Amino acid sequence: MKRVVVGLSGGVDSSVAAYLLQQQGYEVIGLFMKNWHDDSVTISNECPWLEDSNDALLVAEKLGIPFQTVDLSEEYKEKIVDYMFNEYEKGRTPNPDVLCNREIKFDVFMKIALSLGADYVATGHYCQKTEIEVNGEKVYQLIAGADTNKDQSYFLCQLSQEQLSKSLFPIGELTKPEVREIAAEMDLVTAEKKDSQGLCFIGKVRLPEFLQQKLQPKDGLIVQIDKNDPIYNAEKSEDLSLEKELELEAKKLLYTPKMGKVVGKHQGAHYFTTGQRKGLNVGGTTDPLFIIATDVETNTIYTGLTSQHPGLFKKALFIEKSEVHWIRTDLALKNGEQMEVMARIRYRQPLQKVTLHQFEGGMYVHFDEPQSAITEGQFVAWYLDNELVGSGVIS
């Protein structure tokens, strides 16, 4: 009998995952990860992890499976929280959920599970795993969840073949309503529970307040750039190599305060991200202002009017060589090769047509259509049909 450790989070998805595995004849153990206990930054008085671990325990009791809690808050602080502060300080916007899966759930947590004699680790993610054979070797495929509205493959875009080989996603072929129905039939306490929001496991944290603990507020200017600024019509020189052309398309435009007019003040450029429109508190403009760039060196925020401002759009992005990650290592591009795929630069973004270009120093992702708010530090993930084959950090 194969043994599976399920990461019971106290939500409905992982509860049903545990039940389904039990039905499939696995020996199931429930493990709750406690990743956070700094109550000074959770928003309300609710203590989410206490309530969640309690719900997880009730589900385990109902299913009659062994249950324990593991405290990973130290690893979480070091691998996720510190990393986030670091990235924000550099003016980048990290994705804690993708990292949490790569570094915590499918690494630290998985090692604990395997040390308990588990053959697999299972989670309540909406995605699927299949196996194929390539040149006589077993290769694992990460497939989008059957519920297109809930597909969570993007959050697992940094997993490796090794991690996938030991993972199970029992609810991947179900829709959310079907999952709730099973939970209700089984009379699980989590059946009606709302989906968790916010940082993976930190509970309801308000990001700016969370960041303010580490990053000191400092006054800076909000500058508005006109959509007809000459920077958007720079002459392209002829006969550039493909690599140089892509480099130009992916390049960050360099704004200076002189180029626009000062429209307000802010408390620190590192609290803001490209594409953001809330929280600027600048009144009196005809249309909403969107952030087109932040400069943490000079502590300046650059904005433009409307969501169609040219400063928001780019047709290419770059991933440094060390940050290019293939789940399907057998498909990895060699220097000089290219591949047409579909890609997204954020969770829930509809898939976009792109061409990947691999060069010596890294990879360019070139979009058919210009993309709004390509954000440094976020992940781009690329797909062949409904299979997620690789990803990388936008540099």
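In this text the structure is predicted, and so the values were computed from the model without any measurement.

Conventions we followed
- Residues numbered from 1 in each chain as written.
- Predicted model: local features only at pLDDT ≥ 70, side-chain atom pairs only at ≥ 80, totals over all residues.
- Heavy atoms only, no water.
- Helix = DSSP H or I, 4+ residues; strand = E, 2+ residues; numbered from the N terminus.
- Rg over C-alpha atoms; globule rule 2.2 N^0.38 Å.
- Buried < 20%, exposed > 50% of the residue type's maximum accessible area, 1.4 Å probe, protein only.
- Pairing = 2+ DSSP bridges.
- Axes fitted to C-alpha atoms, helices over the stretch in contact; angles between N-to-C directions.
- Parallel < 35°, antiparallel > 145°, perpendicular 65-115°, else oblique.
- Left-handed = near helix turned anticlockwise from the far one by under 90°.
- Contact = heavy atoms within 4.5 Å.
- Nonpolar A, V, L, I, M, F, W, Y, C, P; charged D, E, K, R; others polar.
- Disulfide = S-S within 2.5 Å.
- 1 Å grid on protein atoms, 1.4 Å probe; cavity = no way out; pocket = protein on both sides within 12 Å on 5 of 7 lines; lining within 4 Å.
- Points joined across faces, edges and corners; volume = space filled by probe spheres on them.

Visitor: Can you walk me through the overall build of the chain in this structure?
Guide: Regarding its fold elements, the chain presents eight helices and 18 strands. A globule of 395 residues ought to have a C-alpha radius of gyration of about 21 Å, and the chain, at 23 Å, matches this closely. By principal-axis analysis of the C-alpha atoms, the chain measures approximately 65 × 55 × 35 Å. Here the chain holds 395 residues, and the buried ones make up 51% of them.

Visitor: Honestly, the sheet that holds strand E11 (residues 300-305) in this entry has me stumped. Any pointers?
Guide: Backbone hydrogen bonds hold the strands of a sheet together, and the pairing may be parallel or antiparallel. Pairing in this open sheet of four strands is mixed, and the strands run E9-E8-E11-E10 from one edge to the other. Two strands bound the open sheet, and with one partner strand each, they are strand E9 (261-266) and strand E10 (289-295). Shown here is a sheet whose adjacent strand axes are inclined to one another by a mean of 30°, direction ignored. In this structure, E10 lies alongside E11, joined through six bridges in antiparallel fashion. Each residue of the ladder has a partner; that of Asp295, found in E11, is Thr300.

Visitor: Looking at this structure, I do not really get the packing of helix H1 (residues 12-23) against helix H6 (residues 176-185). What am I missing?
Guide: Packed helix pairs are characterised by how far apart their axes lie and by the angle those axes make with each other. At a minimum axis separation of 9 Å, H1 and H6 run at an interaxial angle of 65°. On the basis of their axis angle, the class for H1 and H6 is roughly perpendicular. Between H1 and H6 the crossing geometry is left-handed. In this structure, H1 contributes Val12, Asp13, Val16, Tyr19 and Leu20 to the contact, and H6 contributes Lys176, Val179, Arg180, Ile182 and Ala183. Of the residues assigned to the contact of H1 with H6, the class counts are seven nonpolar, no polar and three charged.

Visitor: What exactly am I supposed to notice about the state of the cysteines here?
Guide: Covalently bonding the sulfur atom of one cysteine to the sulfur atom of another cysteine gives a disulfide. All chains considered together, the criterion is met by zero disulfides. Among the cysteines around Cys127, which has no disulfide bond, Cys157 carries the closest sulfur, lying 12 Å off. Under the relative-accessibility criterion, Cys127 is labelled buried at 0%.

Visitor: Could you clarify how one ought to interpret the layout of surface pockets in this entry?
Guide: The gaps left among the atoms become clear once a water-sized probe is rolled over them. Each pocket or cavity is described by its volume, and for the second largest pocket that value is around 1,100 Å³. Glu249, Lys251, Lys252, Leu253 and Lys314 are the residues nearest the centre of the second largest pocket, which is lined by 45 residues in total. When contributions to the lining of the second largest pocket are tallied by element, the ones reaching two or more residues are helix H8 (242-250), E10, strand E12 (313-320) and strand E16 (362-372). Here the lining of the second largest pocket takes six residues from E12, the largest share from any one element.

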